[in-house]
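Each chain, written out:
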Amino acid sequence: MTTLTQAARAQLQRVDDPDGLLMLVLIDHPSFVGGIRIVQDTRDWTIGGTSYIGLPMSIQLPQDVDREASRAQLRIDNVGRDLLAELEGLPPGASLDVMLRLVSRAAPTVIEWEYMAGASAASVDTDAVALTLGDEELLRRNAVALRYDPTTAPGIFAD
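Residues numbered from 1 in each chain as written. Predicted model: local features only at pLDDT ≥ 70, side-chain atom pairs only at ≥ 80, totals over all residues. Heavy atoms only, no water.

Draft legend 1. The arrangement of the pattern of salt bridges in detail. Tallying each qualifying case throughout the model produces 5 salt bridges. The partner of Arg-14 in a salt bridge is Asp-17, with the nearest N and O atoms 3.9 Å apart. Classification of Asp-17 as partly exposed rests on a relative accessible area of 24%. The residue Arg-75 makes a salt bridge to Asp-125 at a minimum N-O spacing of 3.6 Å. Of the two residues, Arg-75 is situated in strand S6 (residues 72-77) and Asp-125 in the loop between strand S8 (111-124) and strand S9 (128-134); the sequence distance between them amounts to 50 residues. (Salt bridge = Lys/Arg side-chain N within 4 Å of Asp/Glu carboxyl O. Buried < 20%, exposed > 50% of the residue type's maximum accessible area, 1.4 Å probe, protein only. Helix = DSSP H or I, 4+ residues; strand = E, 2+ residues; numbered from the N terminus.)

Following this line, the structure appears as structure tokens:
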């Protein structure tokens, strides 16, 4: 789902919204048990039986630049250093899948918007963990596992 639902649009256009929206972030890798689940809030949430850790975070949306892959920047406060420990345990060159979801505080089980992307880079400082989100890695992969070229199948190419 790449566009907001009508309910979310109506909620965002209200002058006085007592509920507000929450951004849920799921960071997943096959070595993670259940993934890392974070909510942009000052307290932890349990939504649909799933626990989310409340952490301050910000997102910089992609810029529309010619001849560049669009990239978003997700910056998560490195308060407890738990996220850093999980990332440091990954093998070199590991790719992460990141799911962003917006939900209303009034009905947190209803997903108003979601976006899935791969994390192409991660950087850490004492204050925050920053993930660069985009599909650049996916778009640079070969379309097939084995290509026929002079190296893999020299007999079918003329000299």
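Once the structure has been displayed, the description carries forward.
Draft legend 2. Structural detail: the environment of Asp-16. Here Asp-16 is to be found in the loop between helix H1 (6-13) and strand S1 (21-28). Between the C-alpha atom of Asp-16 and that of Ile-156, which follows or precedes it by 140 residues, the distance is 70 Å.

Draft legend 3. Region of the structure containing a nonpolar patch on the surface. Side chains of Leu-146, Tyr-148, Ile-156 and Phe-157 sit close together on the surface and give an oily, nonpolar patch of about 470 Å² of accessible area. On the secondary structure map, Tyr-148 appears in the segment after helix H3 (136-140). (Patch = residues over 30% accessible without salt bridge, like charges linked within 9 Å, V, L, I, M, F, W, Y side chains within 5 Å. Areas by Shrake-Rupley, 256 points an atom, 1.4 Å probe, with all protein chains shown as cover.)

Draft legend 4. Here's a closer look at the packing of aromatic side chains. Following the criterion strictly, the structure yields 1 aromatic pair and no others. When the centroid spacing of 6.2 Å and the interplanar angle of 10 degrees are considered together, the rings of Trp-113 and Tyr-115 count as stacked. With a relative accessible area of 29%, Tyr-115 lands in the partly exposed category. The ring centre of Trp-45 lies 4.0 Å from the NZ or CZ of Arg-43, which sits over that ring. (Phe/Tyr/Trp six-rings, centres within 6.5 Å; stacked < 30°, edge-to-face > 60°. Lys NZ or Arg CZ within 6 Å of the ring centre and 35° of its normal.)

Draft legend 5. How the structure looks around the nonpolar core. In terms of nonpolar packing, the biggest core is built from 24 residues, with Val-25, Ile-27, Ile-38, Leu-74, Val-98 and Leu-133 touching the most fellow members. When contributions to this core are tallied by element, the ones reaching two or more residues are S1, strand S2 (36-39), S6, helix H2 (82-88), strand S7 (96-104), S8 and S9. When residues in this core are grouped by element, the largest group, 4 residues, is from S7. Contacts of Leu-74, omitting those with residues within four sequence positions, involve Met-23, Val-25, Met-57, Ser-58, Ile-59, Val-98, Leu-100, Val-129, Ala-130, Leu-131 and Leu-133. The next biggest cluster of nonpolar side chains, apart from the first, holds 7 residues, and it includes Val-39, Ile-47, Tyr-52 and Val-103. (Core = buried A, V, L, I, M, F, W, Y, C linked by side-chain atoms within 4.5 Å. Contact = heavy atoms within 4.5 Å.)

Draft legend 6. Up close: the environment of Gly-118. Within the secondary structure layout, Gly-118 lies in strand S8. For the pair formed by Gly-118 and Ser-95, sequence separation is 23 residues and the distance between their alpha carbons is 6.9 Å. Setting aside anything within four residues of it in sequence, one finds Gly-118 in contact with Leu-96, Thr-132, Leu-133, Gly-134 and Asp-135.

Draft legend 7. View of the confidence of the model for the protein. Confidence in the prediction of the protein, expressed as mean pLDDT, is 83, and 92% of residues score 70 or more. Across the protein, the element-wise mean pLDDT spans from 63 in H3 up to 92 in strand S3 (residues 45-47). (pLDDT = per-residue confidence, 0-100.)

Draft legend 8. The arrangement of the sheet that holds S3 in detail. Taking strand neighbours across the sheet as the criterion, the 9 strands line up as S3-S4-S2-S1-S7-S8-S9-S6-S5 in an open arrangement whose pairing is mixed. In this open sheet, the two strands that pair with only one neighbour each are S3 and strand S5 (57-60). Direction aside, neighbouring strands of the sheet carry axes that sit 30 degrees apart on average. The pairing of S3 with strand S4 (residues 50-54) spans 3 bridges and is antiparallel. Counterpart to Thr-46 in the pairing with S4 is Ser-51. (Pairing = 2+ DSSP bridges. Axes fitted to C-alpha atoms, helices over the stretch in contact; angles between N-to-C directions.)

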